[in-house]
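Single-letter residue listing:
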Amino acid sequence: MTTTQTSSQTRLIRILDPSAYRGMLHWVDPEDGHISDVHVARYAIDLETSVEAYSKIYPWEDGRNRGMVNEITGYLVCHALGIPQPARAFVAYVPLREICTPDSSPMIRQLAEQRAYYPAFCTQRLDGKSAAYRLPRVALPGLIEDVKAWDKLPTTMAVDDQIANVDRHLNNLIRLGSKSFAVIDNGILAAAPREGVHHWTVDRLDALALFRNRLCEHVFNQDPPNKVVSATLGEAQNCAPAVDSVIDELEFWWSQLLSGEDYEKFKAFILERTSQIEVILRRRYNRLL
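Given the structure is predicted, the values throughout are model-derived calculations rather than measurements. Residue numbers restart at each chain and count upward from 1, following the sequence in its written direction. Under the rules for a predicted model, residues below a pLDDT of 70 receive no local features and side-chain atom pairs below 80 are neither given nor counted, while totals for whole chains, interfaces and linings still include all residues. Side-chain descriptors were evaluated using all non-hydrogen atoms of the structure, hydrogens and water having been removed beforehand.

K.L.:
Explain helix α4 (residues 153-162) residue by residue, including any values.
P.N.:
Of all 10 residues that make up α4, 10 are buried, and the element is covered over most of its length. Each residue's exposure class comes from its accessible area (1.4 Å probe, protein chains only) as a fraction of the maximum for that residue type: buried when under 20%, exposed when over 50%, partly exposed otherwise. Only DSSP runs of H or I with at least four residues qualify as helices, and only runs of E with at least two residues qualify as strands; both kinds are numbered from the N terminus onward. When we look at burial in α4, the residues that qualify are Leu 153, Pro 154, Thr 155, Thr 156, Met 157, Ala 158, Val 159, Asp 160, Asp 161 and Gln 162. Taken from the residues just after α4, Ala 164 is the one with a positive phi, measuring 60°.

K.L.:
Let's hear about helix α7 (residues 239-257): which residues, and what values?
P.N.:
Compared with an ideal rise of 1.5 Å per residue, which puts 19 residues at 27 Å, α7 spans 23 Å between its outermost C-alpha atoms and falls more than 12% short. Considered for burial, the residues of α7 that qualify are Cys 239, Ala 242, Val 243, Ser 245, Val 246, Ile 247, Glu 249, Leu 250, Phe 252, Trp 253 and Trp 254. The span one expects for a helix is its residue count, reduced by one, times 1.5 Å.

K.L.:
Could you give an account of the packing of helix α1 (residues 67-80) against α7, naming the residues involved and the relevant values?
P.N.:
All axes here are fitted lines through C-alpha atoms, helices being fitted over the stretch that makes contact, and every angle between N-to-C directions spans 0 to 180 degrees. Where α1 meets α7, the axes come as close as 9 Å, and the angle between the chain directions of the two elements is 165°. In this view, α1 runs roughly antiparallel relative to α7, as classed from their interaxial angle. Both α1 and α7 take part in a crossing whose hand is right-handed. Along its contact with α1, which presents Met 68, Val 69, Ile 72, Thr 73, Leu 76, Val 77 and Ala 80, the element α7 presents Ala 242, Val 243, Ser 245, Val 246, Glu 249, Leu 250, Trp 253, Trp 254 and Leu 257. Residue composition of the contact of α1 with α7, grouped by class: 13 nonpolar, 2 polar and 1 charged. Every angle not falling under 35 degrees, over 145, or within 65 to 115 is termed oblique; those three ranges are roughly parallel, roughly antiparallel and roughly perpendicular. Crossing handedness is defined as follows: a turn of the near helix away from the far one that is anticlockwise and smaller than a right angle gives a left-handed crossing, while the clockwise case is right-handed. The contact rule is simple, with two residues in contact once any of their heavy atoms fall within 4.5 Å. When residues are grouped by polarity, Ala, Val, Leu, Ile, Met, Phe, Trp, Tyr, Cys and Pro land in nonpolar, Asp, Glu, Lys and Arg in charged, and all others, Gly among them, in polar.

K.L.:
Outline the environment of His 199, supporting the account with residue identities and numerical values.
P.N.:
Note on placement: His 199 falls in the loop between β9 (180-183) and α5 (214-220). Residues His 199 and Gln 256, spaced 57 residues apart in sequence, show a C-alpha to C-alpha distance of 18 Å. The contacts of His 199, once residues within four sequence positions are left out, are Glu 61, Arg 64, Asn 65, Arg 66, Gly 67 and Ala 191. Within the structure, His 199 has its side chain in polar contact with the backbone nitrogen of Arg 66 (distance 3.1 Å). In protein, a polar contact requires one atom able to donate a hydrogen and another able to accept it; more generally it is a pair of N or O atoms within 3.5 Å, and residues adjacent in sequence count only if both atoms are side-chain atoms.

K.L.:
I'd like a description of the packing of aromatic side chains, backed by residues and values.
P.N.:
Two aromatic rings from Phe, Tyr or Trp, using only the six-membered ring of Trp, form a pair when their centres are within 6.5 Å; if the ring planes differ by under 30 degrees the pair is stacked, by over 60 it is edge-to-face, and anything between is tilted. Tallied over the full model, the rule gives 8 aromatic pairs. When the ring of Phe 211 is compared with that of Phe 269, the centres are 6.0 Å apart and the planes differ by 90°; the resulting orientation is edge-to-face. Of this pair, Phe 211 sits in the loop between β9 and α5 while Phe 269 sits in helix α8 (residues 260-275), placing them 58 residues apart in sequence. An aromatic cluster of at least three residues, connected via ring pairs, comprises Trp 200, Phe 211, Trp 254, Phe 266 and Phe 269. The lysine or arginine in question, Arg 11, covers the ring of Phe 252, its NZ or CZ lying 4.0 Å from the ring centre. Cation over ring: Arg 66 sits above Trp 200, and NZ or CZ is 3.9 Å from the ring centre. Either the NZ atom of lysine or the CZ atom of arginine qualifies as a charge over a ring when it sits within 6 Å of the ring centre and within 35 degrees of the ring normal.

Listed below in structure tokens is the structure:
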């Protein structure tokens, strides 16, 4: 699908009015491991359509929090590459006082004292379970074998290097069926979560850097077989055309969510990594250039 305009009606990711919020259902289980505040709510997409959606609130933090722009970037690029993910994504204004429940975080309660609504990145609820959700350790090898047989694994490994998604752990795969998964969560790009750094800064935006590819770590211990490497390199050839197909919408969101040097550097970072993705992958997997 090619997005060639940036009006609300033609963008893949829409902005919903506050009136679209039709009620909170629950906060997600803390054991899911989200670093952001996530709850499930019902939204009216239009007069005839309502959906349940996971709603992530990323506080602005004077521009330091990159979660919203990361999520949108990842969703659009994955969409363009045909990777299964939630059918809808949108930005919605969440009524903060309504979600101030006993289970809400101090951050939510503090925000609610300052304003009535706050934007959230929302994705339609999938009928499935996180692949590794509270899975007994003894069952992990079987899950990993299923992921290895997933036909979109090479594409997902390529795109995670393309956008520098450093946090694609197994709970960010949703099992749709046998050997079939969808991806969620692109909130952490070009950062170092193991070092306690969850947001990129301009100085970290090295377009040729080998950022952590967590999916490759979990599935192949960073050493995939030749056939997977070849398939991943083959999928890398689709990365540039895919970004071209959604570049207007990417630039719209980047310009809305970033400013000044942040906008210019992040745009340059994503576009250069896209143009050099085959070089990056060959370096990662020790293949001759």
